[in-house]
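These are the residues of each chain, in order.
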Amino acid sequence: MNTVTVIGSINLDRTIRVKQMPKPGETMHTKEIFSAGGGKGANQAVAAKRSAAITHFIGAVGDDDAGKAMLELLTQEEIDLTGVTTLTNTSTGQAYVVVDDAGENQIMIHAGANMAFDPDYVAQQHQLIESSDFIIAQFESATDSTIAAFKLAQAAGVRTILNPAPAMAKVPTELLAVTDMIIPNETETEILTGIKITDEASMLQAAADLHALGIAAVIITIGSKGAFYDVDGRHGIVPAYKVNAVDTTSAGDTFIGAMSSVLKSDFSNLEAAIRYGNGASSLTVQRFGAQPSIPYRHELIEAGLAE
(Lines give C-alpha, C1' and ligand atoms only; values in the text may rest on other atoms or scores of the structure.)
Protein backbone atom coordinates (compact mmCIF):
# COMPACT_ATOMS: atom_id res chain seq x y z
CA MET A 1 0.00 0.00 0.00
CA ASN A 2 1.57 3.28 -1.13
CA THR A 3 1.68 6.46 0.91
CA VAL A 4 0.90 9.45 -1.31
CA THR A 5 1.13 13.12 -0.38
CA VAL A 6 -0.53 15.65 -2.67
CA ILE A 7 0.42 19.32 -2.56
CA GLY A 8 -1.86 21.66 -4.43
CA SER A 9 -5.37 22.90 -4.96
CA ILE A 10 -8.62 22.47 -3.10
CA ASN A 11 -11.62 23.97 -4.93
CA LEU A 12 -15.35 23.96 -4.54
CA ASP A 13 -16.66 23.23 -8.04
CA ARG A 14 -19.88 24.76 -9.31
CA THR A 15 -20.96 22.83 -12.40
CA ILE A 16 -23.51 23.86 -15.03
CA ARG A 17 -24.77 21.34 -17.59
CA VAL A 18 -25.82 22.63 -21.02
CA LYS A 19 -26.84 21.04 -24.31
CA GLN A 20 -24.04 22.84 -26.14
CA MET A 21 -21.45 25.46 -25.27
CA PRO A 22 -22.80 29.04 -25.51
CA LYS A 23 -21.35 31.31 -28.18
CA PRO A 24 -20.00 34.75 -27.16
CA GLY A 25 -22.95 36.96 -26.23
CA GLU A 26 -25.43 34.05 -26.22
CA THR A 27 -27.83 33.40 -23.32
CA MET A 28 -29.23 29.92 -22.80
CA HIS A 29 -31.13 27.84 -20.24
CA THR A 30 -29.15 25.21 -18.35
CA LYS A 31 -30.10 21.57 -17.81
CA GLU A 32 -28.71 21.26 -14.28
CA ILE A 33 -26.52 23.09 -11.76
CA PHE A 34 -24.75 21.52 -8.78
CA SER A 35 -21.78 21.97 -6.44
CA ALA A 36 -19.16 19.33 -5.63
CA GLY A 37 -15.62 18.94 -4.39
CA GLY A 38 -12.89 19.73 -6.90
CA GLY A 39 -9.45 21.19 -7.50
CA LYS A 40 -6.81 19.15 -9.33
CA GLY A 41 -4.91 18.48 -6.12
CA ALA A 42 -7.95 17.39 -4.13
CA ASN A 43 -9.21 15.27 -7.04
CA GLN A 44 -5.88 13.46 -7.27
CA ALA A 45 -5.86 12.88 -3.50
CA VAL A 46 -9.40 11.48 -3.56
CA ALA A 47 -8.47 9.18 -6.46
CA ALA A 48 -5.40 7.89 -4.60
CA LYS A 49 -7.36 7.34 -1.38
CA ARG A 50 -10.27 5.57 -3.11
CA SER A 51 -7.69 3.21 -4.62
CA ALA A 52 -6.48 2.38 -1.09
CA ALA A 53 -3.38 4.59 -0.82
CA ILE A 54 -2.59 6.21 2.53
CA THR A 55 -3.13 9.81 1.49
CA HIS A 56 -1.95 13.14 2.95
CA PHE A 57 -2.62 16.65 1.68
CA ILE A 58 -0.65 19.89 1.88
CA GLY A 59 -2.58 23.02 0.95
CA ALA A 60 -4.94 25.73 2.16
CA VAL A 61 -8.56 26.81 2.28
CA GLY A 62 -10.12 30.10 3.28
CA ASP A 63 -12.19 30.82 6.38
CA ASP A 64 -15.46 30.73 4.44
CA ASP A 65 -18.35 28.34 3.87
CA ALA A 66 -16.65 26.83 0.81
CA GLY A 67 -13.58 26.04 2.91
CA LYS A 68 -15.64 24.39 5.63
CA ALA A 69 -17.50 22.34 3.02
CA MET A 70 -14.27 21.15 1.39
CA LEU A 71 -12.62 20.20 4.69
CA GLU A 72 -15.71 18.21 5.59
CA LEU A 73 -15.74 16.41 2.23
CA LEU A 74 -12.04 15.51 2.40
CA THR A 75 -12.37 14.41 6.02
CA GLN A 76 -15.17 12.05 4.96
CA GLU A 77 -12.72 10.57 2.44
CA GLU A 78 -10.35 9.87 5.38
CA ILE A 79 -7.56 11.89 3.78
CA ASP A 80 -5.07 13.19 6.35
CA LEU A 81 -5.54 16.98 6.46
CA THR A 82 -2.93 17.88 9.08
CA GLY A 83 -1.04 19.64 6.27
CA VAL A 84 -4.03 21.82 5.29
CA THR A 85 -4.20 25.29 6.83
CA THR A 86 -7.20 27.63 7.04
CA LEU A 87 -6.27 31.20 6.09
CA THR A 88 -8.18 34.18 7.44
CA ASN A 89 -9.47 36.90 5.12
CA THR A 90 -8.86 34.61 2.14
CA SER A 91 -11.38 32.91 -0.11
CA THR A 92 -11.29 29.18 -0.78
CA GLY A 93 -10.45 28.19 -4.34
CA GLN A 94 -13.48 27.79 -6.57
CA ALA A 95 -14.01 26.53 -10.11
CA TYR A 96 -16.89 27.21 -12.45
CA VAL A 97 -17.40 24.31 -14.85
CA VAL A 98 -19.61 24.18 -17.95
CA VAL A 99 -20.24 20.69 -19.37
CA ASP A 100 -22.07 20.01 -22.65
CA ASP A 101 -23.88 16.92 -23.92
CA ALA A 102 -20.73 15.75 -25.72
CA GLY A 103 -18.93 15.52 -22.37
CA GLU A 104 -16.61 18.42 -23.17
CA ASN A 105 -16.00 21.11 -20.57
CA GLN A 106 -14.89 24.69 -20.04
CA ILE A 107 -13.43 25.56 -16.62
CA MET A 108 -12.75 28.94 -14.98
CA ILE A 109 -10.80 28.95 -11.70
CA HIS A 110 -10.44 31.43 -8.86
CA ALA A 111 -7.32 30.22 -7.01
CA GLY A 112 -7.84 32.02 -3.69
CA ALA A 113 -6.14 30.21 -0.79
CA ASN A 114 -4.43 27.76 -3.17
CA MET A 115 -1.90 30.45 -4.09
CA ALA A 116 -1.52 31.79 -0.55
CA PHE A 117 0.47 29.09 1.28
CA ASP A 118 4.24 29.52 1.01
CA PRO A 119 7.52 27.52 1.13
CA ASP A 120 7.94 28.22 4.85
CA TYR A 121 4.60 26.54 5.47
CA VAL A 122 5.64 23.61 3.27
CA ALA A 123 8.86 23.22 5.28
CA GLN A 124 6.77 22.72 8.40
CA GLN A 125 5.17 19.69 6.71
CA HIS A 126 8.49 17.94 6.05
CA GLN A 127 7.54 14.84 8.06
CA LEU A 128 4.49 14.23 5.87
CA ILE A 129 6.65 14.48 2.76
CA GLU A 130 9.52 12.38 4.07
CA SER A 131 7.21 9.54 5.14
CA SER A 132 5.66 9.21 1.65
CA ASP A 133 6.38 7.00 -1.35
CA PHE A 134 5.22 9.68 -3.80
CA ILE A 135 4.46 13.40 -3.71
CA ILE A 136 2.20 14.79 -6.45
CA ALA A 137 1.80 18.43 -7.53
CA GLN A 138 0.05 20.46 -10.24
CA PHE A 139 0.04 24.13 -11.30
CA GLU A 140 -3.06 25.26 -9.39
CA SER A 141 -0.98 26.38 -6.39
CA ALA A 142 2.16 28.49 -5.92
CA THR A 143 5.13 27.06 -7.86
CA ASP A 144 7.70 28.10 -5.26
CA SER A 145 5.84 26.00 -2.67
CA THR A 146 5.92 23.01 -5.01
CA ILE A 147 9.66 23.45 -5.58
CA ALA A 148 10.22 23.48 -1.81
CA ALA A 149 8.17 20.30 -1.40
CA PHE A 150 9.93 18.49 -4.25
CA LYS A 151 13.37 19.40 -2.90
CA LEU A 152 12.44 18.00 0.50
CA ALA A 153 11.08 14.87 -1.18
CA GLN A 154 14.14 14.19 -3.31
CA ALA A 155 16.46 14.70 -0.34
CA ALA A 156 14.48 12.00 1.47
CA GLY A 157 14.37 9.60 -1.49
CA VAL A 158 10.65 10.23 -2.10
CA ARG A 159 9.56 10.11 -5.75
CA THR A 160 8.09 13.32 -7.19
CA ILE A 161 5.28 13.42 -9.78
CA LEU A 162 4.46 16.65 -11.61
CA ASN A 163 1.22 17.19 -13.49
CA PRO A 164 2.01 20.43 -15.41
CA ALA A 165 -1.59 21.61 -15.60
CA PRO A 166 -3.07 24.07 -16.21
CA ALA A 167 -0.38 24.66 -18.82
CA MET A 168 2.34 27.16 -17.93
CA ALA A 169 4.26 28.99 -20.67
CA LYS A 170 7.61 28.69 -18.87
CA VAL A 171 8.10 26.06 -16.19
CA PRO A 172 11.02 26.85 -13.83
CA THR A 173 13.99 24.59 -14.58
CA GLU A 174 14.51 24.45 -10.81
CA LEU A 175 11.24 22.51 -10.56
CA LEU A 176 11.91 20.20 -13.51
CA ALA A 177 15.32 19.36 -12.02
CA VAL A 178 13.63 17.84 -8.94
CA THR A 179 10.85 16.07 -10.86
CA ASP A 180 11.09 12.26 -11.20
CA MET A 181 7.95 11.77 -13.31
CA ILE A 182 6.06 14.26 -15.44
CA ILE A 183 2.51 13.70 -16.74
CA PRO A 184 1.40 16.30 -19.32
CA ASN A 185 -1.29 15.94 -21.96
CA GLU A 186 -0.62 16.61 -25.65
CA THR A 187 -1.15 20.38 -25.40
CA GLU A 188 0.96 20.72 -22.25
CA THR A 189 3.71 18.63 -23.86
CA GLU A 190 3.86 21.00 -26.83
CA ILE A 191 4.06 24.01 -24.49
CA LEU A 192 6.84 22.34 -22.46
CA THR A 193 8.95 21.18 -25.40
CA GLY A 194 7.82 23.11 -28.49
CA ILE A 195 7.12 19.76 -30.17
CA LYS A 196 3.63 19.27 -31.63
CA ILE A 197 2.32 15.84 -30.67
CA THR A 198 1.04 14.08 -33.80
CA ASP A 199 2.27 10.48 -33.48
CA GLU A 200 4.47 8.17 -31.41
CA ALA A 201 7.65 9.53 -33.02
CA SER A 202 6.85 13.06 -31.87
CA MET A 203 6.08 11.75 -28.37
CA LEU A 204 9.45 9.98 -28.27
CA GLN A 205 11.17 13.20 -29.32
CA ALA A 206 9.34 15.20 -26.64
CA ALA A 207 10.15 12.57 -24.02
CA ALA A 208 13.83 12.75 -24.96
CA ASP A 209 13.78 16.52 -24.38
CA LEU A 210 12.14 16.04 -20.98
CA HIS A 211 14.62 13.30 -20.02
CA ALA A 212 17.42 15.73 -20.89
CA LEU A 213 16.12 18.00 -18.12
CA GLY A 214 16.71 15.20 -15.60
CA ILE A 215 13.19 13.71 -15.53
CA ALA A 216 13.37 9.91 -15.32
CA ALA A 217 9.83 8.98 -16.36
CA VAL A 218 7.53 10.63 -18.92
CA ILE A 219 3.84 9.88 -19.41
CA ILE A 220 1.90 11.80 -22.06
CA THR A 221 -1.85 11.36 -21.75
CA ILE A 222 -3.51 11.26 -25.16
CA GLY A 223 -7.21 11.36 -24.33
CA SER A 224 -9.35 8.56 -25.70
CA LYS A 225 -6.24 6.92 -27.18
CA GLY A 226 -4.72 6.23 -23.75
CA ALA A 227 -1.26 7.13 -22.47
CA PHE A 228 2.27 7.09 -23.90
CA TYR A 229 5.15 6.27 -21.54
CA ASP A 230 8.94 6.40 -21.74
CA VAL A 231 11.10 5.21 -18.83
CA ASP A 232 14.38 3.30 -18.48
CA GLY A 233 14.57 2.63 -22.22
CA ARG A 234 11.04 1.23 -22.33
CA HIS A 235 8.31 3.05 -24.21
CA GLY A 236 4.91 2.44 -25.70
CA ILE A 237 1.23 3.35 -25.64
CA VAL A 238 -1.20 1.81 -23.16
CA PRO A 239 -4.61 2.13 -24.85
CA ALA A 240 -7.60 3.63 -23.09
CA TYR A 241 -10.80 1.67 -22.47
CA LYS A 242 -13.56 2.48 -24.94
CA VAL A 243 -16.53 3.97 -23.09
CA ASN A 244 -19.31 6.51 -23.60
CA ALA A 245 -17.96 9.68 -21.93
CA VAL A 246 -20.47 12.12 -20.44
CA ASP A 247 -18.11 14.39 -18.43
CA THR A 248 -14.30 14.44 -18.72
CA THR A 249 -13.78 16.99 -15.91
CA SER A 250 -11.55 14.95 -13.56
CA ALA A 251 -10.41 12.16 -15.87
CA GLY A 252 -6.75 13.17 -15.83
CA ASP A 253 -6.72 13.68 -12.07
CA THR A 254 -8.30 10.27 -11.53
CA PHE A 255 -5.68 8.67 -13.77
CA ILE A 256 -2.79 10.22 -11.83
CA GLY A 257 -4.15 9.58 -8.34
CA ALA A 258 -5.22 6.01 -9.06
CA MET A 259 -1.96 5.18 -10.82
CA SER A 260 0.12 6.51 -7.90
CA SER A 261 -1.69 4.15 -5.55
CA VAL A 262 -0.27 1.06 -7.28
CA LEU A 263 2.96 2.35 -8.84
CA LYS A 264 6.28 0.98 -7.55
CA SER A 265 8.92 3.54 -6.55
CA ASP A 266 11.37 2.20 -9.14
CA PHE A 267 8.69 2.52 -11.88
CA SER A 268 9.22 -1.17 -12.74
CA ASN A 269 5.45 -1.79 -13.02
CA LEU A 270 4.67 1.42 -14.90
CA GLU A 271 2.73 -0.22 -17.73
CA ALA A 272 0.47 -2.09 -15.28
CA ALA A 273 0.01 1.07 -13.18
CA ILE A 274 -1.02 3.03 -16.31
CA ARG A 275 -3.56 0.31 -17.18
CA TYR A 276 -5.01 0.64 -13.68
CA GLY A 277 -5.15 4.43 -14.03
CA ASN A 278 -6.82 4.09 -17.43
CA GLY A 279 -9.42 1.80 -15.90
CA ALA A 280 -10.18 4.27 -13.11
CA SER A 281 -10.53 7.22 -15.50
CA SER A 282 -12.77 5.15 -17.82
CA LEU A 283 -15.28 4.91 -14.96
CA THR A 284 -14.88 8.59 -14.06
CA VAL A 285 -15.83 9.91 -17.51
CA GLN A 286 -19.10 7.97 -17.43
CA ARG A 287 -20.30 10.08 -14.46
CA PHE A 288 -20.91 13.76 -13.75
CA GLY A 289 -18.90 15.96 -11.41
CA ALA A 290 -15.26 15.97 -10.33
CA GLN A 291 -14.89 14.13 -7.03
CA PRO A 292 -18.33 12.43 -7.11
CA SER A 293 -17.27 10.64 -10.32
CA ILE A 294 -14.00 9.17 -8.99
CA PRO A 295 -14.27 5.39 -8.51
CA TYR A 296 -13.28 3.21 -5.57
CA ARG A 297 -10.90 0.29 -6.02
CA HIS A 298 -13.70 -2.25 -5.47
CA GLU A 299 -15.56 -0.73 -8.45
CA LEU A 300 -12.57 -1.38 -10.71
CA ILE A 301 -12.39 -4.95 -9.45
CA GLU A 302 -16.13 -5.46 -10.00
CA ALA A 303 -15.82 -4.05 -13.54
CA GLY A 304 -12.94 -6.41 -14.34
CA LEU A 305 -10.48 -3.51 -14.57
CA ALA A 306 -8.31 -4.62 -11.64
CA GLU A 307 -7.59 -7.71 -9.57
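Position numbers for residues count from 1 along each chain, tracking the sequence in the order it is written. Side-chain atom pairs in this predicted model are given and counted only at pLDDT of 80 or more, local residue features only at pLDDT of at least 70, and totals for whole chains, interfaces and linings cover all residues. With hydrogens and water set aside, each side-chain value is computed from the structure's full complement of heavy atoms.

For the chain, an unreviewed UniProt entry supplies the name Ribokinase and the organism Lactiplantibacillus songbeiensis. UniProt lists a comment for the chain under the heading Subunit (unreviewed entry), and it reads "Homodimer." UniProt positions are given in the numbering used here, feature names are shortened, and annotations may be inferred rather than shown by experiment. Within the UniProt record for the chain, the comment given under Catalytic activity (unreviewed entry) is "D-ribose + ATP = D-ribose 5-phosphate + ADP + H(+)".

(A) Structural detail: the environment of Gln-124. Along the chain, Gln-124 falls in helix α3 (residues 119-124). The rule is simple: take the accessible area with a 1.4 Å probe, protein chains only, and divide by the maximum for that residue type; under 20% is buried, over 50% is exposed, in between is partly exposed. Since its relative accessible area comes to 57%, Gln-124 is described here as exposed. Each helix is a run of DSSP H or I of at least 4 residues and each strand a run of E of at least 2, with the numbering of both proceeding from the N terminus.

(B) Representation of the UniProt feature "domain: Carbohydrate kinase PfkB" (unreviewed entry) in the chain within the structure. The UniProt record marks residues 1-295 with the feature "domain: Carbohydrate kinase PfkB" (unreviewed entry), using the residue numbering of this structure. With 34% helix and 26% strand, residues 1-295 has its two end C-alpha atoms placed 17 Å apart.

(C) Local environment of the UniProt feature "binding site: K(+)" (unreviewed entry) in the chain. What UniProt calls "binding site: K(+)" (unreviewed entry) maps, in this numbering, to Asp-247, Thr-249, Thr-284, Arg-287, Gly-289 and Ser-293. What stands out for the annotated residues spanning 47 residues is how close their C-alpha atoms remain, the widest pair being 9.6 Å apart. As for its placement among the helices and strands, Thr-284 is situated in helix α10 (residues 270-284). Only heavy atoms enter the contact rule, under which two residues are in contact if any of them lie within 4.5 Å. Residues in contact with Thr-284, not counting those within four places in the same chain, are Asp-247, Ser-250, Ala-251, Thr-254, Ser-293, Ile-294 and Pro-295. Reaching out from Thr-284, the side chain makes a polar contact with the side chain of Thr-254 at a distance of 3.1 Å. Structurally, Arg-287 is set in the loop between α10 and α11 (297-302). Ignoring anything within four residues of it in the chain, the contact list for Arg-287 reads Val-246, Asp-247, Ser-293, Ile-294, Pro-295 and Glu-299. The term polar contact refers here to a pair of N or O atoms within 3.5 Å; inside protein, the definition further demands a hydrogen-donor-capable atom paired with an acceptor-capable atom, and it admits residues adjacent in sequence only when both atoms are side-chain atoms.

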